[in-house]
Amino acid sequence: MEYKDTLNLPQASFPMKGNLPKREPEIQAKWEEMKLYQLLQERGRGRPEFILHDGPPYANGDIHLGTAYNKILKDVIIKYKTMRGFYCPYVPGWDCHGQPIEHEVVKRLDPSTAISKIEIREKCRAYAMKFVERQAAQFKRLGVLGDFDNPYLTVNPAYEACNISVFKELYLKGLIYKGRKPIHWCATCGTALAEAELEYKDEDSPSIYVKFPLLDNLPGLSVVEKPISVIIWTTTPWTLPANVAIALSPDFPYVAVETGEEVFIVAKPLLERIEDEIGLEHPRILKTFEAKSLVGMKCGHPWSEDSSIIVLADYVTLEQGTGCVHIAPGHGEEDYLTGLEYNLPSPMVVDDQGCFTEEAGSFAGLNVEEANPVIVSDLEKRGVLVASSSITHQYPHCWRCKKPVIFRATPQWFIAMDKGDNGNSLREMATSAIRKVEWIPEWTINRMSSMLETRPDWCISRQRSWGVPIPVLYCMKCGKEIVSQESLEAIEELIRREGSDNWFTKEPSSFLPEGFTCPHCGSTEFEKENDILDVWFESGISHFAVLREREELNWPADIYVEGSDQHRGWFQSSLLTSIGVEGLSPFERVMTHGFVVDGEGKKMSKSIGNVINPTDVCDRRGADVLRLWAISTNYSTDIPISEEILARTTESYRRIRNTIRFLLGNLYDFKLGEEVEPENMREIDRWMISRTQHLISLVTSQMESWQFHQAIRTLVLFCTVDLSSLYLDILKDRLYTAPKHSSGRKSAQTAIYYILKKLLAIAAPIIAHTAEEAYLSLPEELKESESVHLLPWPEVDEGLIDKALEERLEKLLEVREAAYREIELARKNGTLGSSLEARAKIFADEPYFDLLKSFEKELPEFFIVSQVEVNSMDSVNDKEEIRVEIETADGKKCSRCWNYSAAVGADERYPELCERCVSAMEALSRSES
RNA sequence: GGGCCUAUAGCUCAGUUGGCUAGAGCGCGCCCCUGAUAAGGGCGAGGUCGGUGGUUCGAGUCCACCUAGGCCCA
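A short tour of the structure in this document, coming up. No experiment lies behind these values; they were computed from the predicted model shown.

1. Describing the overall build of chain A
- Check the secondary structure of chain A and you find 28 helices and 31 strands.
- In terms of overall dimensions, chain A is more spread out than a globule: its C-alpha atoms have a radius of gyration of 38 Å, far above the 30 Å expected for 929 residues.
- Seen through its principal axes, chain A has C-alpha atoms that stretch 125 × 75 × 55 Å.
- Put simply, of all contacts in chain A between residues at least 6 apart along the chain, 77% involve residues at least 24 apart.
- If the 105 positive side-chain charges of chain A are averaged to one point and the 144 negative ones to another, these points end up 4 Å apart.

2. Comments concerning the protein's contact with RNA strand B
- Around RNA strand B sit 53 residues, and of these R447, G601, R661, H709 and R896 come closest.
- Backbone atoms, meaning sugar and phosphate, form 79% of the atoms of RNA strand B found within 4 Å of the protein.
- The contact in question runs from a sugar or linking oxygen of RNA strand B to an N or O atom on the side chain of R568, over 2.6 Å.
- A distance of 3.5 Å separates a sugar or linking oxygen of RNA strand B from a polar backbone atom of S834.
- Taken together, the elements giving at least two residues each to the surface near RNA strand B come down to α11 (444–454), α20 (643–665), α22 (708–737) and α25 (803–828).
- When residues of the surface near RNA strand B are assigned to their parent elements, the largest contribution, 11 residues, is made by α22.
- Counted by class, the surface near RNA strand B contains 16 nonpolar, 17 polar and 20 charged residues.

3. Here we look at the environment of N163
- Position of N163 relative to the elements: it lies in helix α6 (residues 157–172).
- On the accessibility criterion, N163 (0% relative accessible area) is buried.
- Counting along the chain gives 723 residues from N163 to I886, while the straight-line C-alpha distance between them is 79 Å.
- Residues contacting N163, with those up to four places away along its chain left out, are V468, L533, F537, E538 and I541.

4. Re the sheet that holds strand β24 (residues 589–593)
- The parallel open sheet is built from 3 strands, whose spatial order is β16-β24-β23. Two strands lie at the open edges of the sheet, namely β16 (438–440) and β23 (560–563), each paired on one side alone. Pairs of neighbouring strands in the sheet enclose a mean axial angle of 20 degrees, with direction left out of account.
- Contacts from helix α17 (residues 570–582) reach β23 and β24, with the element oriented near 140 degrees to β23.

5. Things to note about the pairing of strand β12 (residues 308–312)
- Buried residues dominate β12, accounting for 4 of its 5 residues.
- As defined by bridge partners, strand β7 (residues 245–248) adjoins β12 across 4 bridges and the pair is classed as parallel. Looking at the pairing, L248 lines up with L312 of β12.
- Bridge analysis of strand β11 (residues 298–299) against β12 gives 2 bridges, and the strand direction is antiparallel. Of the residues in β12, the one forming a bridge with K298 is I309.

6. Points about the packing of α6 against helix α12 (residues 485–498)
- Where α6 meets α12, the axes come as close as 7 Å, and the angle between the chain directions of the two elements is 170 degrees. The angle between α6 and α12 places the two elements in the roughly antiparallel class. The segment α6 lies against α12, with P157, A158, E160, A161, I164, S165, F167, K168 and L172 engaging Q485, L488, E489, I491, E492, I495 and R496.
- Grouping the constituent residues of the contact of α6 with α12 by class yields 9 nonpolar, 2 polar and 5 charged.

7. Description of the sheet that holds strand β17 (residues 458–459)
- An order of β4-β3-β15-β17 is seen for the 4 strands of this open sheet, with the pairing classed as antiparallel. Of all strands in the sheet, those bounded by a partner on one side alone are β4 (191–193) and β17.
- Bridge analysis of strand β3 (residues 176–186) against strand β15 (residues 406–415) gives 10 bridges, and the strand direction is antiparallel. In the strand pairing of β15, G179 is matched with Q412.

8. Remarks on the nonpolar core
- M591, L626, W629, L852 and F862 are the most contacted members of the largest nonpolar core, which totals 150 residues.
- Per element, the largest residue contribution to this core is 15 residues, and it comes from α22.
- Apart from the residues within four sequence positions on either side, L626 is in contact with L65, A68, I72, L142, P614, V617, C618 and I641.
- Counting residues in each nonpolar core, the second largest holds 71 residues, with V257, I274, V368 and L385 among its members.

9. Details of the packing of helix α10 (residues 426–433) against α17
- Between α10 and α17, whose axes approach to 10 Å, the crossing angle comes to 110 degrees. Relative to α17, α10 is oriented roughly perpendicular. Contacts from L426, M429, A430 and A433 of α10 reach α17 at L575, L576, I579 and G580.
- Broken down by class, the residue content of the contact of α10 with α17 amounts to 7 nonpolar, 1 polar and no charged.

10. Some details on a negative patch on the surface
- Negative charge collects at one region of the surface, where D251, D314, E334 and E341 lie side by side.
- Examined against the element boundaries, D251 turns out to sit in the loop between β7 and β8 (254–259).

11. Notes on empty space enclosed by the protein
- Summed over all chains, the structure comprises 2 cavities of 30 Å³ or more.
- Looking at the largest cavity, its volume works out to about 120 Å³.
- In this structure, the largest cavity is lined by 13 residues; those nearest its centre are L40, I78, T82, C88 and L145.
- Taken together, the residues of the lining of the largest cavity break down into 8 nonpolar, 4 polar and 1 charged.

12. Some remarks on the packing of aromatic side chains
- Under the counting rule described, the total for this entry stands at 28 aromatic pairs.
- Ring geometry for W458 versus F537: centroids 5.9 Å apart, planes at 50 degrees, classification tilted. Here W458, found in strand β17, pairs with F537, found in helix α15 (residues 535–540); they are 79 residues apart in sequence, far enough to count as distant.
- W458 gets classed as buried once you look at its relative accessible area, which sits at 4%.
- For the ring pair F862 and F863, a centre distance of 6.0 Å and an interplane angle of 40 degrees mean the geometry is tilted. For the pair F862 and F863, one class covers both residues: buried.
- Counting every residue linked through ring pairs, the aromatic cluster contains W439, Y560, W570, F571 and F587.
- Here R657 stacks its cationic end above the ring of F14, 4.1 Å away from the centre of that ring.
- Between the NZ or CZ atom of R816 and the centre of the ring of F862, over which it lies, the distance is 5.8 Å.

13. Notes on α17
- Taking 1.5 Å as the rise per residue, α17 with 13 residues should run 18 Å; its terminal C-alpha atoms sit 17 Å apart, in good agreement.
- Counting buried positions over the 13 residues of α17 gives 12, a clear majority of the element.
- Burial in α17 covers these residues: W570, F571, Q572, S573, S574, L575, L576, T577, S578, I579, G580 and V581.
- A positive backbone phi angle near 75 degrees is found at G583, which sits one or two residues after α17.

Criteria and thresholds
- Residues numbered from 1 in each chain as written.
- Chains lettered and ligands numbered in written order.
- Predicted model: local features only at pLDDT ≥ 70, side-chain atom pairs only at ≥ 80, totals over all residues.
- Heavy atoms only, no water.
- Helix = DSSP H or I, 4+ residues; strand = E, 2+ residues; numbered from the N terminus.
- Rg over C-alpha atoms; globule rule 2.2 N^0.38 Å.
- Contact = heavy atoms within 4.5 Å.
- Lys, Arg positive; Asp, Glu negative; His and termini not counted.
- Charge placed at Lys NZ, Arg CZ, Asp CG, Glu CD.
- Near = heavy atom within 4 Å.
- Polar contact = N/O pair within 3.5 Å; in protein donor to acceptor, adjacent residues only side chain to side chain.
- Nonpolar A, V, L, I, M, F, W, Y, C, P; charged D, E, K, R; others polar.
- Buried < 20%, exposed > 50% of the residue type's maximum accessible area, 1.4 Å probe, protein only.
- Pairing = 2+ DSSP bridges.
- Axes fitted to C-alpha atoms, helices over the stretch in contact; angles between N-to-C directions.
- Parallel < 35°, antiparallel > 145°, perpendicular 65-115°, else oblique.
- Core = buried A, V, L, I, M, F, W, Y, C linked by side-chain atoms within 4.5 Å.
- Patch = residues over 30% accessible without salt bridge, like charges linked within 9 Å, V, L, I, M, F, W, Y side chains within 5 Å.
- Areas by Shrake-Rupley, 256 points an atom, 1.4 Å probe, with all protein chains shown as cover.
- Salt bridge = Lys/Arg side-chain N within 4 Å of Asp/Glu carboxyl O.
- 1 Å grid on protein atoms, 1.4 Å probe; cavity = no way out; pocket = protein on both sides within 12 Å on 5 of 7 lines; lining within 4 Å.
- Points joined across faces, edges and corners; volume = space filled by probe spheres on them.
- Phe/Tyr/Trp six-rings, centres within 6.5 Å; stacked < 30°, edge-to-face > 60°.
- Lys NZ or Arg CZ within 6 Å of the ring centre and 35° of its normal.
- Expected span 1.5 Å × (residues − 1).

Here you go:
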């Protein structure tokens, strides 16, 4: 046992247990202290730039796995590109305005106390800032490196002002117009409501069937013979005064049914149900036809002189009603879109308080809440009511006053998608611009272009408090809008100087230029637009507000990296503002990743209870485990996570960590200047260095093609297969038992040192903390830098590739495998424990024989057995090219190296040792004396 | 309901333009070692490729439909 002390066993300060939850924050503190980000920026200046422009997460709540995943991906890209020699400033950003924050804030207010817009805005700002801080800390905990001291915030005055500047450019190009669009409206509170402010509850509504008499003849049926009516069904009779059309489905047949003296038109598949509902007598189908043949025909409107026109809409279904849908574009989302499609008028007959306007004729003044029965009885009086009952269904209610809400068209601001000709419209220019963008994965361009194709004009106004104002003034005298270069620049200046709060507190005269008058009537009295900008507009201008404004950045961005929901969101809003102003894309490349789902592929939700929290994972397992998980998955589709997956990832992490630890541990006594020249290295060592070139080459190409999960696979395989189970296992004997300063041991250490450096550099972008910790654990003089993140990415050294050697050794690997199968059999027979107890008798033909012979001396080391004997194959009896027989090794077990040797006992001084160990002991005593 | 996408061993992934008995690592089982030790090594067992039908001499790999799931829209 005392011989153990004469061995060179590994010594390392790098512990086997990562204890990441504790150690990572320490490493991060060190990065902060050494100002690693700033250091990287300074060193990067002057290099080619690679700009990843951060999409701003919403400053509401803590980060979740989706945001964590996104940031990790970005961080890996930036760390990688930095090592590749690019200058990669990374400015994280936050989206701070918007309805969800305002809603959270307002929810906490005492509803009985009046509060001003400016007070709400103050509270919103504080709320947003709180979460910016929290999220920043959470992102840093993931190991994300960036300019967190100077992030971009959409509430910064300069950022806000940029909105006005972009609005100005678009407005002056004629791309912004004022129109109308239906929105959810609470008549009781007199406010617009967002989807999140609706509470769906059961509500009793009327259910009525109404005749719209057809004014045109159907082919083969004349209205003169018997009156023909299209039957509609609705649960909102009060919207009937605003009816302009009836929509039919293009997907199923319609019938004309005779009943008594009348003919009704309804969807054929619904006929039976309708018969039950309205009690038709002796119905008889006169004719079946496609909806297409009715399009454009006119029907009489119950009250209006204008008729109702028949159109097609694919949202018409067979679930309820008659297949003939009453369309009031001023009072329904789908109705509105159909109205746009067919260029229909959109009468809006209800005012802010929910009362009918003059447009509603005799119903003027009536509140919609009370209107339904009045309208129903009027319909009955007019003889167009076919049936009436009531229905209980889910209906939206105001979150605040709990009253049912209505849908109501209100004035809104829009960006026109189709204005301009000869391919100059926003839609066309955007569609052509995205063809020049690199989409990762490639198919995502399809998604993007189909969304661009179908999107309606962009409604950029919101009836809210927490945001950037729409910079429009109205003349108090003539009532006209005032939007001019001059007024816009004055507003932009105001906001740039003092922030957008001032819009709400200051009088227009205080910020408009001296002598500014209404361009229409010359008046000097103005009022301000109340609406604010859609937050998508705000985040959509980030490329201007950040890339253009910040000195270290550049427009356009090299890459945007976001989840697949951003095809409709940020990718699109950014593209549109950019196309509108510059005619160019703001990004050269767009990488999209999927959504994080659970182990079953289901989305994460609190109600299912499958939510995994990234901060928890950091606290329990460590950020590097999360980073390893993130990078191990294929981001192009859904990204699964579960406790099992994390457990597997942790195991994989441990394997990498231990491999690194072993390498480090055997370098404790390695010094600069002790490196062995390649030509003097042992073949096995040169072989591994040669293989390392392939590792570098493969990983680099995988990273370059954005296949990060392949790259980490390659790295893990290298650690487990090439290193741990093969090379390092073989190396132990030499590292431990050879004399400390022998060329054999130094050859091994040279290889290990070389491989470790490459390994840590490759691992650095991914397991950023572990790579750093390991790098800093190197003996002082072996460190070439203060941080692994300051190292360059490894490059392939062609001179170190030895193709012939690789081929030879890989051939020998096959023999090694054959030998191990035999060794295993011997173990099962109980004749063998350690492989060192074995003597391998190899019988080989070509191509193995010469190869084995040429390598005969190294074979015991390579096979980790005590003796190897190479014989030519007894070709009479054997069919295989190679056969291995395992027998017990000759001689006795050496107490020091555990190899078996006939020479054990030959030396009187060291009767328990083999010849190698005897000389090792001699060397040791020489060096000691 | 529509658009885009996904579905290969328990887990994460490979499987070029359709062509030998579908691969890897991890995990698992058994075994060895105890000088990487809450480590290390060996051997081995697991999929017929979500389902159905089709094209083809031949399909995981092309087509259609279905099922499950994701994002976006309705």
